Every structure is written in structure tokens, then in C-alpha cells.
Amino acid sequence: MTALAADAPARRQRRAAQVIAYVLSRPSGRVGAALVAAHLLMALVSPLIAPYDVAAQSADSLQGISAAHWLGTDQLGRDVLSRTLVGSRVTLAITIPAAIIATLWGGALGIYLGLGSKLDEIVMRLVDAFIAIPSLLFLLLVVAVFQGTTAVIIPTFAFFYGLLVTHVARAGTRQLAAQDFVVAARLRGDHPLRIVFREILPNLADTIIVDGTLRLSWMIVAFCSLSFLGLGVQPPTPEWGQMIADARGYLTVAPLAAVPPCLAIVSLIVGLNLLSDAIGKALGIDTIRQRGA
Amino acid sequence: MNASPLLQVRSLSVGLRTRDRGDLPIIRKIDLEISRGESIGIVGESGSGKSTLAMALMGFLKPGVERLEGTVLFDRHDMFGNDAVTAKLRGGAIAYVPQNAATALTPTMTIGNQFDEALRLHSSLDVSERRGAILEMLADLRLPDPKAVVGRYPHELSGGQQQRCAIGLAMAGQPKLIVLDEPTTALDTATQASILELLAGLAERTGTALLYVSHNLGVVGDNCGRLAVMYAGEIVEEGMTQRLLSAPSHPYSRGLLGSIPSLRDPGIPPAMWGSPPAISEHITGCRFSDRCPKRRDRCSEHPMIGRSPIGGGVRCHFPEVGPAAARVGTERRPTRDEPVVTVRGLSFLYARPGLLSRLTGAGKAQPAIQDIDLELNAGQTIGVIGESGSGKSTLLRVLLGLHRPSSGEATMLGHDLRVPLARRPLDLKRQLQVVFQNPSSSLNPRQTILEIIASPLRLYFRDLDQDAIYRRVKGILEQVRLGTRYLDRYPSQLSGGEKQRVAIARALAAEPRVILCDEVTSALDVSVQAAVLQVLSDIQKEHGTSYVFVSHDLATVRAISDHIVVLSRGRIVEAGPANRVFGAPEHDYTKMLLEHTFDPADIAVAA
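As the structure is a prediction and not an experimental result, all values here were calculated from the model. (Residues numbered from 1 in each chain as written. Chains lettered and ligands numbered in written order. Predicted model: local features only at pLDDT ≥ 70, side-chain atom pairs only at ≥ 80, totals over all residues. Heavy atoms only, no water.)

Trainee: Explanation requested: the packing of aromatic side chains in the structure shown.
Mentor: Each pair of aromatic rings is reported with the distance of its centres and the angle of its planes. All names here are of chain A. In the structure shown here, the tally under the stated rule is 11 aromatic pairs over all chains. Centroid distance phenylalanine 157 to tyrosine 161: 6.0 Å. Interplanar angle 65°. Geometry classified as edge-to-face. Of this pair, phenylalanine 157 and tyrosine 161 both sit in helix α7 (residues 150–177), four residues apart, which is roughly one turn of the helix. Like phenylalanine 157, the residue tyrosine 161 is buried in the burial classification. Judged by centre distance (6.3 Å) and plane angle (80°), the rings of phenylalanine 157 and phenylalanine 223 are edge-to-face. Pair noted here: phenylalanine 157 is in helix α7 and phenylalanine 223 is in helix α9 (residues 192–228), with a separation of 66 residues, a long-range link. Accessibility classification places phenylalanine 157 together with phenylalanine 223 in one group, the buried group. Put simply, the rings of Trp105, Phe130, Phe138, Phe159 and Phe160 pair up and form one aromatic cluster. (Phe/Tyr/Trp six-rings, centres within 6.5 Å; stacked < 30°, edge-to-face > 60°. Helix = DSSP H or I, 4+ residues; strand = E, 2+ residues; numbered from the N terminus. Buried < 20%, exposed > 50% of the residue type's maximum accessible area, 1.4 Å probe, protein only.)

Trainee: Explain the interface of chain B and chain A here, please?
Mentor: How big an interface is tends to be stated in terms of the accessible area lost upon association of its parts. Between chain B and chain A, the contact holds 34 residues from the first and 27 residues from the second. For the chain B and chain A pair, buried surface summed over both sides reaches about 3000 Å², with 53% attributable to carbon and sulfur atoms. Along the contact surface separating chain B from chain A lie two salt bridges. When the shortest N-O distance is used, the salt bridge between B:Glu451 and A:Arg198 registers 3.6 Å. There are nine residue pairs in polar contact (both at pLDDT 80 or more) connecting chain B and chain A. Those elements giving two or more residues to the side of chain B that touches chain A turn out to be α11 (355–360), α13 (426–431), α14 (439–442), α15 (449–460) and α16 (466–479) of chain B. In terms of residue count, α15(B) provides more of the side of chain B that touches chain A than any other element does, eight residues in total. A breakdown of the residues in the side of chain B that touches chain A according to their chemical character gives 17 nonpolar, 10 polar and seven charged. (Contact = heavy atoms within 4.5 Å. Buried area = accessible area lost by both parts, 1.4 Å probe. Salt bridge = Lys/Arg side-chain N within 4 Å of Asp/Glu carboxyl O. Polar contact = N/O pair within 3.5 Å; in protein donor to acceptor, adjacent residues only side chain to side chain. Nonpolar A, V, L, I, M, F, W, Y, C, P; charged D, E, K, R; others polar.)

Trainee: Sorry, what's going on with the nonpolar core here?
Mentor: Residue and element names in this part refer to chain B. Membership of the largest hydrophobic core comes to 59 residues, with the highest contact counts inside it found for Ile453 and Leu536. When residues in this core are grouped by element, the largest group, eight residues, is from α15. Contacts of leucine 536, omitting those with residues within four sequence positions, involve Ile504, Cys517, Val520, Tyr547, Phe549 and Ile560. In this structure, Phe115, Ile167, Leu217 and Cys286 belong to the second largest nonpolar core, which totals 58 residues. (Core = buried A, V, L, I, M, F, W, Y, C linked by side-chain atoms within 4.5 Å.)

Trainee: Hey, could you run me through unusual backbone geometry in this one?
Mentor: Backbone phi values are negative for most residues with the exception of glycine, while trans is the configuration of most peptide bonds. All names here are of chain B. Positive phi outside glycine occurs at serine 11, with the angle close to 45°. For serine 11, the location among the structural elements is in strand β1 (residues 7–18). On the basis of relative accessibility, which here comes to 23%, the residue serine 11 falls in the partly exposed class. In this structure, arginine 142 is a non-glycine residue whose phi angle is positive, near 55°. Since its relative accessible area comes to 46%, arginine 142 is described here as partly exposed.

Trainee: Help me understand the environment of B:Ile476, please; the structure alone is not making it clear to me.
Mentor: Residues and elements named next belong to chain B. Structurally, isoleucine 476 can be placed in helix α16. Taking the C-alpha atoms as reference points, isoleucine 476 and arginine 90, 386 residues apart in sequence, are found 52 Å from one another. If we skip the residues at most four places from it in the chain, isoleucine 476 touches Ile453, Ala505, Leu508 and Ala509.

Trainee: In this structure, what is going on with the pairing of strand β9 (residues 226–231) of chain B? I would like to understand it.
Mentor: Remember that side chains alternate between the two faces of the sheet whenever the strand is regular. All names here are of chain B. Among the six residues of β9, six are classified as buried, and the element is accordingly described as predominantly covered. Across the two faces of β9 the burial is the same, with Arg226, Ala228 and Met230 and Leu227, Val229 and Tyr231 all buried. Bridge analysis of strand β3 (residues 39–43) against β9 gives four bridges, and the strand direction is parallel. Paired with glycine 41 across the strands is leucine 227, a residue of β9. Two strands pair when backbone bridges link them, and β9 and strand β10 (residues 234–240) are joined in this way by six bridges, in the antiparallel orientation. Within the sheet, the bridge partner assigned to methionine 230 lies in β10 and is isoleucine 235. Hairpin connection between β9 and β10: a loop of two residues separates the two successive antiparallel strands, and alanine 232 in this loop has a positive phi of roughly 50°. (Pairing = 2+ DSSP bridges.)

Trainee: What exactly am I supposed to notice about the side chain of B:Glu234 here?
Mentor: All names here are of chain B. Examined against the element boundaries, glutamate 234 turns out to sit in strand β10. Separated by 2.5 Å, the side chains of glutamate 234 and histidine 302 make a polar contact. Excluding residues within four positions of it along the chain, glutamate 234 makes contact with Arg28, Ile30, Val229, Arg287, His302 and Arg315.

Structural data, given as C-alpha cells:
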């Protein structure tokens, strides 16, 4: 005899497998997945495979491409290849947790408001007010005042990007709450939390996941910008934005030094966007099939 | 007059070309001819391919859809030949009126300007001549005060007036053929009738041929000389309307016609069980055979269209002769005098929304209801009829506790129904269940049928263990005539009628005394409506459940109700036993509603 709830995990797995298969079936999805996977892998193993110590300075500063330094050296004689490989670790260590926290709190607040709360109007106007502030300026201010430590940057990022998630989650929830199956659950007398977890979330998760991927790519750009301005990561920790800032001073002498970190940022962001697009399409196919059948 | 037909369709197949599954035709080898000035109807249920055919006649295919074979000749032009010629014909010699007129009108242009544009493109009149012509046309469309309408924007007109304008714009190019896709489905019964009459009049005067595409036999039955019935992408029968409707030869046509409830002939019409095949299904034999009650061995061979006994064409090896069998109306049991719900003087007046909701536009007006009296007995069905905006749905929402009544009383089994939902005891929620109009939105797409029906069981009967729940769900599915194989399916894998039966099963699982049915058959095809009614009636017989059955479809209400309440503008204008209200209506509004209801019995009598 089948237990009712027991199939659920298996079904989710099947669905996940379908989505992955779809993403990998189209070129843009394949490219996106490959770029993101390569970056994640590199972030994990780069300290082991980097040819030089990222902080090790040498007398050979601002060298071009050579057999010893494949991508040359920077103004302090540090190996650009090693620093580029390791450079995403700080960024990802901050933006991934921040994206997760943003999705969680923004999603929770959005669902709560979307179900029709008295606070809805007030809270959403506040959210809009915060969104209206140019976030990079605000981040700069916070970081300048409180120092650019992880303990400051993660909550700040999570707060700002969570506001956007709130909007998406609230809009989605409002749409779902008007659907008859949610009305039916309310009329039946289901507990509100049960309605959220059984009726709303399974239908909203897709949107939030796709949205979360996009938020992550925004956060990466924002963090690199902070570092570029000298507020994100403190030297000698390698970080792409900071590397670009350093190389900027010597563009006339060593024009190639800025290229590797720039390419790294671009490839990661493009990869994330392609991936999130493909996941969105994969899930969209799902909804079209449901409607058409 | 030219002797050649106006439109000639030869062996036309249109569908999807897939890499892995070959060609998947949506319409298959359609042969059709339309003469000049003729009116012809194409009837079919959702998924029959009728809209695809209508589009293809104009040389138009949806993205991804291709012409697989065949030709469409309009006035000897190949509609799939020269794109420039086809584009010129469209909007000129062939005009199209969509289901929703609002989408055919440009929202940012006044009605006058839209007519002017159409005339500029399709006539050689100068500015002042056009102005006169426009006023004349608007008068022809029987729009009140044409001079005022000229300066209005589409959103300032009612749905019926918009549809009139869309028809007028279609006529502006002096077309030889107008294709009408469900032209009146979105409109009220009375408006429907007047628009169809208008169309017929205009077409006759100008000699325009009309092609109606509809799921509604009433619309085509009253307005078309000739009829083609489509099923699963094929024309299964065609012939003269009166003859076809009074003595259909194809089992599907017979079933379809038989499943329409009649006002004269109360009781639930025989249901057609099952559902049409999906386009991806490969069927070598007759495409209707798995639903056909008269299936024989030879039906595994695909039938060609042959001459039908009534002089039309029919795609069946064993066409039937004579009028469709008389329906076996299910007699309604007398109900006990045991009130379950009592409503006295119940009113819900439009509440002025607060400042915030006005600012945000969140406060949506609900039609008010006033002084409603109802008494629902055990095992009884009260039918509530009225047009849109009459307050039918508001009444249900008040009973459900979603709106707080402004005055009056409502009780159910000792519970006060004025109590808002949040404060209602669980037992009251269990006893009063609801089934909604739209089966697609009433089932969670991420839950299996098993989970959906188990939800109320878990909530209301906490002592049931997993096994007991599973057994009960199976039992309930059988009551709504869905087998165990549906347990693990998702709503997306079910047809509309099946979904609606699952929604009924979910309500039934609560073992309620009363089920409120809000237009439960309106979103369904005719052939499956009867199945839903049958299920509701069976449940009532077995459990003594009472229904409040709200619908704008009078014949459906007639089929299932003991007692009728007619609502107009929020007030009860007439109430009484079903036989009395339908047999001898007293109020003018009821008479008007009855007059505009299509009844297959009328056609049979006329023929």
C-alpha cells in the first residue's frame, strides 16, 4: 500500500531530473551550466591547484605573459593566474549565503503579505521606499561606516536583495491566493501554515529559485564593485574587483593585467544568467504542458 | 452569381511536425465547401480542432503549427500560396470576429476613428462620405445614439456593444465571408440572441457568407443552414441543420445532442463518459470508437465519410437512422421537510472600501443582494438562476462566510451563518462544502488526486490512519466514477470534466450536508456536463446531500433542481417549484430568460 506522503520526495527528484535534462538539452543552458559549474569547482579547488601563493610578492612586477607566469604578474609581482583562480572564493563565500538569507526572509515576508495582511500596504510602501534608494550608494555608506567585514556585508546584501524577493514572492502569492484551490483550503479550515507549505510554496518555489539565481548574479557584481572601490575585501586577499582596480593604475604599462579578472566576472555573470534563464524556461515548459493537457 | 463555391477546402491537414513522433495533425483531411451567402456552423468541443480549422481557412496558422497537406481556395485564390494576396484578402474579402471583441478593438482609438480607418483601407469614399457611412453603419448595428458612440472609446461600451462594433468593423470591408469564432460565448443570453439576429439580418442583406465556430449547438442551431460536427480533428458528420439536429446519424452527434439538458424534458440527460483522444495518440480505427456505445469489430478500421441517411455526410460504418432516442430523465425523489439551511431577509450591501484599498484599487465591487429568503431541505436542490451581476455568486460567498451580511438571518443546522469564516467551528465548515466553476483553478497542480482528496479527510477525521484514508479516497473516487488509476495522476493529466469530478470528490470527502455548486458545469463541454450532473444526482440519492446549484444555464438548473430561485439585480424576482417556475413563469424576467434558452426539443419539433 502506498503511503501518501512517501512518494513526494521521489516525485520531486523525478521533476528535478526533468528540469536538469531540459536545461542541458539546449545550448544556452549547457553553456550556462558549464560556466557556473566551472566557477564553483574552481572556487573549491583553486587553493590546491594555484601555481603560486596568492600573497607571494616578487621582484618581477608587471610582467607580461611568460612560461613562469602564464597570465603575467601584477604591480607587486604576484601571479595573476593564481589570484584570478582564487579570486572568486571571497565573493562567493559572501554572496551565496547572502542570496540564501535574502531568499528566505524576503520569501517569507512576501508570502505573509501576499496572503492578505493588514500590514501589507504599509510594509510594501516601506519596501518600495528602500528599493528606491540606489542600493550601491547605500552599500557604500554602510560599508564605509561599519567596515567591510563579512559580518556587515552579508546582512546588508541580504537585506537589500531580500526586498526585491519580497516583491516577487508577494505578487506570486497574491495570484495563487486568488486561485480556487487556495480558497478551498481556507474554506475547509486548513491551518494557515499548512496552506503556505502545501498549497502556496510548491507552486511558488520555482519562481523564487529562478529569481534567487538572478539576485546572486546581481550581488556578485555589487560585491566586485565594492571591492573595486576598495571597500570590499582587504588586501592581500585576492578579489576580482580589487584586482581590476589595482591593474587600472598600470593599464599603460601592463594592459593585460586587467583582462583575466574582467573575463572571470563576465563569464560567471553570463553563466548565471544563462542558467537561470534556462531553468526558468524548463519550469515554464512544465506550466505550458499543464495548461495544454 | 458565380457558380463555383466561395471557399473550397480540400483534404486539409494542419498540425505539428515533430522530430521524434512524426506529424501530429490537429485537423485531419478536412473537406469543406462554402457557397456564396451561405451560413454554416462548425460545432465541436474543446480540442476538436474547430478553431484551428477556422484560422486555417484564412490562411493563418499559429506559430509552430504547419500545413501538412491539402489546399484552401477562396474565390480561386490559394490561401497558402501568395502571402501578399492572402494578406489583402484578410480583413477585406474574409473578415474575422473573435470571441472577445475587446481584443479586436484598439483601446486607444475612438470607435469612429476605427471605422474610418477600416473604410479608408477598403473603400474609395472621401472624408465626408465616410462620416455619413459610419453613422449609417452604427445605426445598422442598432447601437443606441450613433452620434455619441462615434466619439467613444471601446472601454466606454458594454460587452454587447463592443461585439456589435467588432462585427461592424468586419462588415466595413464588404467581405464575402465572415468567420466568427465563438461570437457570443462571452455575452449574456439576451445580448447573445440580439447579436445573432443582427448578424443574420446584415448577412442576408449584403449576401455575405457566415461561418460560425462554436461549441454551443444553440448558437449554430438557430442561425446556420448547414452544420458540420467535428470530433478529434475530423468532420464526423455534416448536413442540413434541421435534419442533422432532429435525426443525427453519427453516434457522437447523437450523444452530443442527447447530452444537452432540455427545459421541456426535465431530468438529467444521458452522459457521454470518457474523453476525446489527445492529438499525440495514434489511432488507426475510428477516432470515436473508444467512447462509442455501439462499437463493433469493423470500427478498428478508419471510416471514410459516406452518405448519411438524412442526405448529408457521415464518418461512421454504422450510421444510425431516425430521431435520437428519447432521454431517460431521472425522476427526482420527493424531499423531506427537514430544513438544513434557513435564510431570512439576508442582505449584503456594497461596502464602501477604505481609503487605502481605494488608493490601490484593491476594493472590488461585489454585486449586492437584498432580502433573500431560502429554505433548503435535506436532500433537496435549490437552483439559483440569473444573469451575470445578479448577485448569485455574492449569495454563495455570504453563505460561505467570505462576506459578512449587512442584515438578515441565516442558519444551518443550529449554526449561525452570519459568523465570518475565521470564527466558524470546524464542524460547520465540514458540513458546508463548495465546488467552484473553474476546475483548473480549483485543484492544486502540484498535488496528486490522492493528496487532493485526502486533504479534507486528514483535517476532519483525525483518527483515520494512512490505510483508512487510502481506502476512503478509493471509495470516493468510485462514487464520482473515476477509477483507482487516477490516484497518482496530477490535475494536468485530467480533462475538464474529470477535474470537476475530482473537485466534487473532494467536497464529498468531508461528508457534508450541503454542497454549494457555483456554475459547476459552465466551464465544461456539453458532453461531459451531463456526467457531472449525473454524479451529483447519484451522490444526493445515496447520502441525502442538499445542493444550492447556481448557474446562468437554465436547462442545466432545470435538470437537477427541485426548487428554483430567480435572481435579478440582487433580489429574488420569482421562486417556486421547478415545474411551476419553468412551466408557467410569472415574472417577465424569468420569461425573458426562458425565451432565450436553446432547447434541442424545439428543433426536433420544428423539423
